[in-house]
Every structure is written in C-alpha cells, then in structure tokens.
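Chain by chain, the residues run as shown.
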Amino acid sequence: MMPAPAPRRARATAAAMDLLRRLRDTHGPLMLHQSGGCCDGSAPMCYPAGEFIIGDRDVLLGLLDLRLRTGESPDSTPGPEEVVQVWISGPQFAAWQHTQLVLDMVPGRGSGFSLESPEGFRFLSRGRVFDPAELDVLNTVAIITGADFERGERPAPSAEPQVVAEAADACPIPGREIR
C-alpha cells in the first residue's frame, strides 16, 4: 500500500493568486513571508523575490505556482518568475506546524511594507488544522529551512491542488456545507 501523499503546508485562494499575478506583472518574481507580528499585525508580507532576507531557520511552507487555477495540478516545472516562495519564521512555524496556511485576499489596506498595500486589498492568512492522519504523514517529511534552501533543497511536489476557489473550500466553517 502506497503511503498517503503529504498535504501542502501552504495553499491560496483564487483571489489571492490573481492578486499575486498582478503584483508579479508589476514587480517581477515575488516571495511571501508570514510575519510574526509587531507593526504588521501578523500579516503575510509580499516582497519582490530576494528583497526580504530569509534566515537560516526560517521554514519554507511551499511554492505557489502562479500558472495554476482552482483545482489544477502542474504538468511541468514552473519557471522562477512563476513561483512564489512562502516562508515563515522558525519559531512561528514551531507554534503553527499543525496548521495549513491558506493565503487569502480581502478588501483593505495592507502593511506599508507589503507590495499589495496600494492595491486596495491585503493578504490574509487563514488556517486549517491538519487532521491526525495528515500530521502523521507530515511528520515523515523533512522541513526545508532557509539554510537548506540555500544549499539547493526543494520541496517534493504535492498531488493536492494548491488553489481553492474560496477560503471556506480549504478551511471549512463548522455548520456550513462545503461546496
């Protein structure tokens, strides 16, 4: 019997992916860092790729493929301009490793440091707690730190689609029917 595939640690809504594509068209390749708080209020921060210095202990949650739409899986390897790295600080990962980050977009003004700030929208992290079976699988998958990434390590592909139509599709709300 084949082991279950590892779930993605980071996914995004279709709206968030559309905003990322617009930002990429304006600013070039992008990266995201899930903030740990302070002045940006724990928001996911979007930067031009390489502008935010990744620490050796930061953890790569995943690579968002900007070519993909809701429910799609890749049929080839994306180019560097088509990938958004999603990072989180090591201590914050330790606290949230049991949770799948779902990047969403809502109306409002983002942090002054994040690229979406002038767009009239802001990125928002939503979370879904992994079930026990998913956690068992994830416990067999090594995390990739900033130091590992610098040495060339990359995450294994996941069979789970990375783009959901809406946040509720990845983060069900108790008492509401899932589409």
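Conventions we followed
- Residues numbered from 1 in each chain as written.
- Predicted model: local features only at pLDDT ≥ 70, side-chain atom pairs only at ≥ 80, totals over all residues.
- Heavy atoms only, no water.
- Helix = DSSP H or I, 4+ residues; strand = E, 2+ residues; numbered from the N terminus.
- Buried < 20%, exposed > 50% of the residue type's maximum accessible area, 1.4 Å probe, protein only.
- Contact = heavy atoms within 4.5 Å.
- Areas by Shrake-Rupley, 256 points an atom, 1.4 Å probe, with all protein chains shown as cover.
- Core = buried A, V, L, I, M, F, W, Y, C linked by side-chain atoms within 4.5 Å.
- Pairing = 2+ DSSP bridges.
- Axes fitted to C-alpha atoms, helices over the stretch in contact; angles between N-to-C directions.

Caption draft 1: Layout of the overall build of the protein chain. Helix and strand counts for the protein chain come out as five helices and eight strands. Put simply, the protein chain has 179 residues, and 45% of those count as buried. Residue pairs at least 24 apart in sequence account for 70% of intrachain contacts in the protein chain once pairs closer than 6 positions are excluded. Carbon and sulfur atoms provide 56% of the accessible area of the protein chain, an area that totals close to 9700 Å².

Caption draft 2: A look at the nonpolar core. Counting 25 residues, the largest nonpolar core has Leu20, Leu32, Cys46, Leu64, Leu103 and Phe123 as its most contacted members. Broken down by secondary-structure element, the contributors of at least two residues to this core are β1 (10-13), α1 (14-27), β2 (30-34), β4 (59-65), β5 (83-88) and β6 (99-107). Discounting chain neighbours no more than four positions away, the residues touching Leu32 are Leu20, Met45, Cys46, Leu64, Val84, Gln85, Val86, Trp87, Leu103 and Phe123. Within the second largest apolar cluster, seven residues are counted, among which are Met31, Met45, Leu60 and Phe149.

Caption draft 3: Region of interest: the environment of Pro107. Within the fold, Pro107 resides in strand β6. Each C-alpha atom, one on Pro107 and one on Leu124, is 10.0 Å from the other, the two residues being 17 residues apart in sequence.

Caption draft 4: Representation of the sheet that holds β1 in the model. Pairing in this open sheet of four strands is mixed, and the strands run β7-β6-β1-β8 from one edge to the other. Two strands in the sheet have a free side with no partner beyond their single neighbour: β7 (121-129) and β8 (163-164). As paired elements, β6 and β7 share nine bridges and run antiparallel to each other. In the sheet register, Gln100 faces β7, and the bridge partner there is Arg128. Each of β1, β6, β7 and β8 is contacted by α1, which is oriented at about 90° to β1, the strand it contacts most.

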